Amino acid sequence: MSSSIIRQQFPLLQQMMGSYPLCYLDNAATSQKPERVIQAMDDYYRRNNANVHRGSYQLSAAATSAFEAVRLKVQQFIHAPQPQEVIFTHGTTEALNLLAYGLGKQLQPGDRILVDSTAHHANLVPWQQLAQRCGAEIIAIPLTHELRLDHQALKVLLQQPTKLVALSHVSNVLGSVNDIPTLAQEIRAAGAICVVDGAQAIGHLPVDVQLLGCDFYAFSGHKMYGPTGVGVLWGRQSRLETLEPMLTGGEMIKSVSFAHTEFGELPFRLEAGTPPIAEVIGLGAAIDFLNSLERDQVQQQEQQLLLQLQQQLAALPGITLYGAHADNSGALAFNLAGEHHQDVGILLDQQGVAIRCGHHCAMPLMQLLGLKGCCRASLGVYNNADDIERFIKAMRTTITMLTGE
Ligand code: PMP
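In short, a report on the structure. If you're wondering where the values come from, they're calculated on a predicted model, not measured in any experiment.

Here is what the cut-offs are and how they apply
Residues numbered from 1 in each chain as written. Predicted model: local features only at pLDDT ≥ 70, side-chain atom pairs only at ≥ 80, totals over all residues. Heavy atoms only, no water. Helix = DSSP H or I, 4+ residues; strand = E, 2+ residues; numbered from the N terminus. Expected span 1.5 Å × (residues − 1). Buried < 20%, exposed > 50% of the residue type's maximum accessible area, 1.4 Å probe, protein only. Arc of directions from axis to C-beta. Contact = heavy atoms within 4.5 Å. Pairing = 2+ DSSP bridges. Axes fitted to C-alpha atoms, helices over the stretch in contact; angles between N-to-C directions. Core = buried A, V, L, I, M, F, W, Y, C linked by side-chain atoms within 4.5 Å. Near = heavy atom within 4 Å. Polar contact = N/O pair within 3.5 Å; in protein donor to acceptor, adjacent residues only side chain to side chain. Nonpolar A, V, L, I, M, F, W, Y, C, P; charged D, E, K, R; others polar. Salt bridge = Lys/Arg side-chain N within 4 Å of Asp/Glu carboxyl O. Parallel < 35°, antiparallel > 145°, perpendicular 65-115°, else oblique. Left-handed = near helix turned anticlockwise from the far one by under 90°.

1. Here's the deal with helix α11 (residues 295–314)
Residues separated by three or four positions in an α-helix point in the same direction, a consequence of the helix having 3.6 residues per turn.
Item 1. Under the 1.5 Å per step criterion, the end-to-end length of α11 is 28 Å for 20 residues, consistent within 8% with the ideal 28 Å.
Item 2. Taken as a whole, α11 has its buried residues at Val 298, Glu 302, Leu 305, Leu 306, Leu 309, Gln 310 and Leu 313. End-on view of α11: buried residues confined to an arc of 140°, all on one side of the axis. Exposed and oriented more than 90 degrees from the buried face of α11 are Asp 296, Gln 300 and Gln 311.
Item 3. Buried residues in α11 make contact with α1 (3–7), β13 (319–322), β14 (331–336), β17 (374–378) and α14 (385–403).

2. Observations regarding the sheet that holds strand β10 (residues 231–235)
Item 1. Reading across from one edge, β4-β10-β9-β8-β7-β5-β6 is the order of the 7 strands in this open sheet, with mixed pairing throughout. Looking along the sheet, the strands with just one partner apiece sit at the ends: β4 (86–89) and β6 (137–141). Strand-to-strand twist of the sheet, defined as the mean angle between neighbouring strand axes without regard to direction, takes the value 20°.
Item 2. For strand β8 (residues 193–197) and strand β9 (residues 216–220), the ladder comprises 3 bridges, and the chain directions are parallel. From the neighbouring strand, Val 195 faces β9, where its bridge partner is Phe 216.
Item 3. Its contacts with the sheet put helix α3 (residues 58–77) on β4, β9 and β10, and the angle it makes with β4 is roughly 120°.

3. Focus: α14
Item 1. The first and last C-alpha atoms of α14 sit 27 Å apart over 19 residues, in line with the 27 Å expected at 1.5 Å per residue.
Item 2. Residues of α14 that are buried: Asp 387, Ile 388, Arg 390, Phe 391, Ile 392, Ala 394, Met 395, Thr 398 and Ile 399.

4. As for the sheet that holds β17
Item 1. In space, the 4 strands of this open sheet follow the order β13-β14-β17-β16, with antiparallel pairing throughout. With partners counted over all chains shown, the strands left at the sheet margins are β13 and β16 (356–358), one partner each. Here the average twist between neighbouring strands, direction ignored, is 30°.
Item 2. Judged from the 3 bridges that link them, β16 and β17 form a sheet pairing that is antiparallel.

5. A look at unusual backbone geometry
Item 1. Cis geometry marks the peptide bond from Leu 266 to Pro 267; its omega dihedral reads 0°.
Item 2. By the element assignment, Pro 267 lies in the loop between β12 (261–263) and α10 (277–292).
Item 3. We note that His 53 has phi near 70°; this positive angle belongs to a residue other than glycine.
Item 4. Along the chain, His 53 falls in the loop between α2 (35–48) and α3.
Item 5. Here His 53 falls in the partly exposed class, since its relative accessible area comes to 29%.
Item 6. Despite not being glycine, His 360 shows a phi value in the positive range, around 60°.

6. Describing the nonpolar core
Item 1. Within the largest apolar cluster, 65 residues are counted, with the highest numbers of intra-cluster contacts made by Val 74, Ile 78, Phe 88, Leu 167, Ile 187 and Tyr 217.
Item 2. The dominant element in this core, judged by the number of residues it contributes, is α10, at 10 residues.
Item 3. Each residue touching Val 74, except ones within four places of it in the same chain, is listed here: Val 86, Phe 88, Phe 219, Val 232, Leu 283 and Ile 287.
Item 4. If you look at the next biggest cluster of nonpolar residues, it comprises 29 residues, including Leu 107, Val 115, Cys 134 and Leu 243.

7. Describing the pairing of β9
Item 1. Burial analysis of β9 places 5 of its 5 residues in the buried class, which makes it a mostly covered element.
Item 2. Covered by surrounding structure in β9 are Phe 216, Ala 218 and Ser 220 together with Tyr 217 and Phe 219, the residues of both alternating faces.
Item 3. Across 5 bridges, β9 lies against β10 in antiparallel orientation. Bridging from a neighbouring strand, Ala 218 pairs with Leu 233 of β10.

8. With respect to the site of the ligand
Item 1. All residues in the neighbourhood of the ligand are listed as Thr 92, Thr 93, His 120, Ala 122, Asn 172, Asp 197, Ala 199, Gln 200, Ser 220, His 222 and Lys 223.
Item 2. Separating an oxygen atom of the ligand from a side-chain N or O atom of Ser 220 is a distance of 2.6 Å.
Item 3. In the environment of the ligand, a nitrogen atom lies 2.6 Å from a nitrogen or oxygen atom belonging to the side chain of Lys 223.
Item 4. Here the residues of the shell around the ligand sort into 2 nonpolar, 7 polar and 2 charged.

9. Side note on the pattern of salt bridges
Item 1. Under the criterion given, the structure shown has 16 salt bridges.
Item 2. Glu 68 is the partner of Arg 71 in a salt bridge, and the nearest nitrogen-oxygen pair spans 2.8 Å. Note that Arg 71 and Glu 68 are positioned in helix α3 at a spacing of 3 residues, about one turn of the helix.
Item 3. You can call Arg 71 buried: its relative accessible area is 2%.
Item 4. Put simply, Arg 188, Asp 215, Arg 236 and Arg 239 are held in one network by salt bridges that share partners.

10. A few points about the packing of helix α4 (residues 92–102) against helix α5 (residues 125–134)
Item 1. The contact between α4 and α5 brings their axes to 9 Å, and the two run at 15°. Looking at the two axes, α4 sits roughly parallel to α5. When the axes of α4 and α5 are compared, the crossing they make is right-handed. Residue-level inspection shows Leu 96, Asn 97, Leu 99, Ala 100 and Tyr 101 of α4 in contact with α5, the latter providing Pro 126, Trp 127, Leu 130 and Arg 133.
Item 2. When its residues are assigned to classes, the contact of α4 with α5 shows 7 nonpolar, 1 polar and 1 charged.

Right, dumping it as structure tokens:
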């Protein structure tokens, strides 16, 4: 399926930014939504809206079945062994917080938590908070000179008892991909829990949690053409069962008296309160959208575009790319020598090109790179060669305006 047929399904991409057609290259921040996702959520509110799991009437039963059908869809999409291993959250951030809180009582003072140096703050700050509560220690896994996770260094770190290792599947800044199957196998063999932040992988790579072999995998709907406000924590059932619920209240109980509460079964014991129902329905439509694509072919097209982007940008004067490799996925980080990243972003915006500039919620990585921030262009399934051409042309103009070159 060509990117132009895919593109037609995204109403927002049809609009102009001033006198320029929109060139959207900020997919790592959030992806645009296809018509079928917008329609599914609209339909839900117009025809099916009722609370789930509790009504004694047809409308509530219909909303419950539509909601639970998405749990099965997610289970299939990520090849989870059991539907009750799919926990709906409001996003990756909540999924990782729920996990860090839930594991709290399992950590002792002195326990070691290893964290990927490319980690988004969502996969670092919750572990820091947990470490502070339990007296555990956070250790950064170093990067190689090529800005890949230092596999040898991780092996050495794993020779000492380690409680948990938190990895990015794909870095939201560099686009670098960690070899999760190999790493997870080694981490688990060392007796540690392997947590993977899949926020940047889920919209780009096939995700099969059984092949990945990790213990937990977190992602957000809005990075995979679905709505904001919904995400997933997948975990091995035996692990999820040991988590202390972060949120307590309705939906998650078996019985309550003034003296005592007995928590319910998975997945509900980790999903207190009314869930984001319309957003879950929208996530289901996003999975249908992704399943409607020839994903291998689309992934190859995206990979080709990323290569073109890396090569053409590297050839421009004054440009430094960070950790750009042919096997990266989705994103490309760069700076223009002597210029502030925000200035580059503003001038690109004036030419209809949307990228992200800043620290990308990865301040420790910026510190390792010796940067305050950088620019990042990131791709989605609807981007095409025309977008790359537009971006490179706009970059040439930007460079001339800022440096006179
Ligand atoms: N992890 C990574 C790698 C991300 O890119 C993001 C979003 N930028 C998050 C976590 C947080 O996701 P959310 O804001 O949807 O909770």
